[in-house]
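Each chain is listed here by its residues.
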Amino acid sequence: MTISKSPTEYQVTIAEIPVQVIRKSIKNLHIVVYPPEGRVRVSAPDQMTDENIRLAIISRLSWIKKQRAKFAAQPRQSKREMVSGESHYIFGKRYRLEVIERRGKHEVKILNASRLQLFVNPGTSRDNRALVLAEWYRQQLRDIIPQLLNKWQPIIGENVTYWGIKKMRTKWGSCNITKRGIWLNLELAKKPIECLEYVVVHELVHLLERYHNDRFRAYMDEYLPQWRQRRELLNREPLEDF
């Protein structure tokens, strides 16, 4: 057997598609296509040759293109200008933004079932208005994530030592197996709560199984049988252009 001396991480281009290849101590090759741009990442066993990795990617090329086309066709919100009349989403529900300039503390309030009010000081820039709203979104997640963790940690039998919220371009969540911590994407405050719950369960299951393999999927089937439908719902939701 010829063992490739390639680096543990490198990039190749196949059919004009850039592919990130990462070698790991795993048994099987895994291909993942990430939203929003359709970035392709391949996790390959350490002993797999470059040529076999390339052939494996080519064999899945049709699927990769289908996934990338799905993300390309996904509805996208244009960059928010943070002005009255814009649409903004809160846990999957659409609201019309009403910007109110007045002196005092910056605030965000849900006025009714369809209107969201943003109170800012006169002359507040677009970027600072966005920061006020982003911090409000962060607080919405801070309020609900502990409830989801309290529900699911006893069910799965694994506890996190910490959790956090940050904006991520290519992932809805991530898990640090060693430190037993999870990070959740700030954008989840805009998606249906079912999607947030799916991501929380997904990351907790990584404490049982590091890789997205058959064992991981079996755990997901056991704990959240409808996880595939929730994943599909999340992938149908509008993406925000950064």
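Residues numbered from 1 in each chain as written. Predicted model: local features only at pLDDT ≥ 70, side-chain atom pairs only at ≥ 80, totals over all residues. Heavy atoms only, no water.

Chemist: I tried to follow the nonpolar core on my own but got confused; where do I start?
Modeler: Within soluble globular proteins, side chains that are nonpolar generally end up buried alongside one another. Core analysis: the largest hydrophobic core is formed by 44 residues, its most contacted members being Leu116, Leu118, Ile145, Leu196, Leu204 and Val205. Elements supplying a minimum of two residues to this core: β7 (93-101), β9 (115-120), α3 (126-156), β12 (181-185), α4 (193-205), α5 (214-223) and α6 (227-236). Looking at which element gives the most residues to this core, the answer is α3, with 11 residues. When sequence neighbours within four positions are dropped, the list of residues in contact with Val205 reads Ile156, Phe216, Tyr219, Met220 and Tyr223. Counting residues in each nonpolar core, the second largest holds 17 residues, with Val40, Val42, Ala44 and Ile53 among its members. (Core = buried A, V, L, I, M, F, W, Y, C linked by side-chain atoms within 4.5 Å. Buried < 20%, exposed > 50% of the residue type's maximum accessible area, 1.4 Å probe, protein only. Helix = DSSP H or I, 4+ residues; strand = E, 2+ residues; numbered from the N terminus. Contact = heavy atoms within 4.5 Å.)

Chemist: Hey, could you run me through the sheet that holds strand β11 (residues 173-176) in this one?
Modeler: In spatial order, the strands read β10-β12-β11; together these three strands make up an open sheet with mixed pairing. Taken across any chain shown, the strands that pair with only one partner, and hence form the sheet edges, are β10 (162-166) and β11. Ignoring strand direction, the axes of neighbouring strands in this sheet form an average angle of 15 degrees. Where β11 meets β12, four bridges bridge the pair, whose relative direction is antiparallel. Note that in β12 the partner of Gly173 across the bridge is Leu184. The strands touched by α3 are β10 and β12; relative to β10, the strand with the most contacts, the crossing angle is about 150 degrees. (Pairing = 2+ DSSP bridges. Axes fitted to C-alpha atoms, helices over the stretch in contact; angles between N-to-C directions.)

Chemist: Looking at this model, I keep getting lost on the packing of aromatic side chains. Mind explaining?
Modeler: Each aromatic ring pair is characterised by the separation of its centres together with the angle its planes make. All chains considered together, the criterion is met by three aromatic pairs. Between Tyr162 and Trp183, the ring centres sit 6.5 Å apart and the planes meet at 65 degrees, which makes this aromatic pair edge-to-face. Within this pair, whereas Tyr162 is found in strand β10, its partner Trp183 is found in strand β12, the two being separated by 21 residues in sequence. Arranged with centres 6.2 Å apart and planes meeting at 10 degrees, the rings of Tyr219 and Tyr223 form a pair that is stacked. In this pair, Tyr219 and Tyr223 both sit in helix α5, four residues apart, roughly one turn of the helix. The class of Tyr219 is buried, set by a relative accessible area of 18%. Just above the ring of Trp63 sits the side chain of Arg60; from NZ or CZ to the centre is 4.7 Å. (Phe/Tyr/Trp six-rings, centres within 6.5 Å; stacked < 30°, edge-to-face > 60°. Lys NZ or Arg CZ within 6 Å of the ring centre and 35° of its normal.)

Chemist: What am I meant to see in the pairing of strand β3 (residues 30-34) here?
Modeler: Here is the key point about a regular strand: its side chains alternate between the two faces of the sheet. Among the five residues in β3, four count as buried, and that is most of the element. Pairing between β3 and strand β4 (residues 39-45): five bridges, direction antiparallel. Bridge pairing in β4 places Ile31 opposite Val42. Between β3 and β4, which follow one another and run antiparallel, lie four residues, and Gly38 among them has a positive phi close to 85 degrees.

Chemist: Which parts of the structure should I look at to understand the confidence of the model for the protein?
Modeler: Where the model shows low pLDDT, its predicted coordinates should not be examined in detail. Predicted confidence across the protein gives a mean pLDDT of 91, with 93% of residues reaching 70 or more. Note on residues 1-5: pLDDT under 50 across the span, and seven contacts to partners over four residues away in sequence or across chains. (pLDDT = per-residue confidence, 0-100.)

Chemist: Hey, could you run me through the sheet that holds β4 in this one?
Modeler: The strands that make up a sheet pair up through hydrogen bonds in the backbone, lying either parallel or antiparallel. Strand order across the open sheet formed by four strands is β1-β2-β4-β3, with mixed pairing between neighbours. In this open sheet, the two edge strands, each paired with only one partner strand, are β1 (9-14) and β3. Within the sheet, the average angular offset between the axes of one strand and its neighbour, ignoring direction, is 25 degrees. In the sheet, strand β2 (residues 17-24) pairs with β4 via six bridges, with the strands oriented parallel.

Chemist: Would you take a moment to explain α4 for this structure?
Modeler: Each α-helix turn comprises 3.6 residues. Residues three or four places apart therefore point the same way. Between the first and last C-alpha of α4 there are 18 Å, a value that for 13 residues agrees with the 18 Å anticipated at 1.5 Å per step. Most of α4 is tucked away: 11 of the 13 residues are buried. Of all the positions in α4, only Cys195, Leu196, Glu197, Tyr198, Val199, Val200, Val201, His202, Glu203, Leu204 and Val205 are classed as buried. The secondary structure elements touched by the buried residues of α4 are α3, β11, β12, α5 and α6. (Expected span 1.5 Å × (residues − 1).)

Chemist: Please explain the layout of surface pockets as it appears in this structure.
Modeler: Empty space among the atoms becomes visible once a probe the size of a water molecule is rolled across them. Computed from the structure, the largest pocket encloses a volume of approximately 1200 Å³. Contributing to the lining of the largest pocket are 39 residues, with Val32, Tyr34, His202, His212 and Arg231 lying nearest its centre. Mapped by element, the contributors of at least two residues to the lining of the largest pocket are β3, β4, α2 (61-73), β11, α4, α5 and α6. When the residues that make up the lining of the largest pocket are grouped by side-chain class, the tally is 18 nonpolar, 10 polar and 11 charged. (1 Å grid on protein atoms, 1.4 Å probe; cavity = no way out; pocket = protein on both sides within 12 Å on 5 of 7 lines; lining within 4 Å. Points joined across faces, edges and corners; volume = space filled by probe spheres on them. Nonpolar A, V, L, I, M, F, W, Y, C, P; charged D, E, K, R; others polar.)

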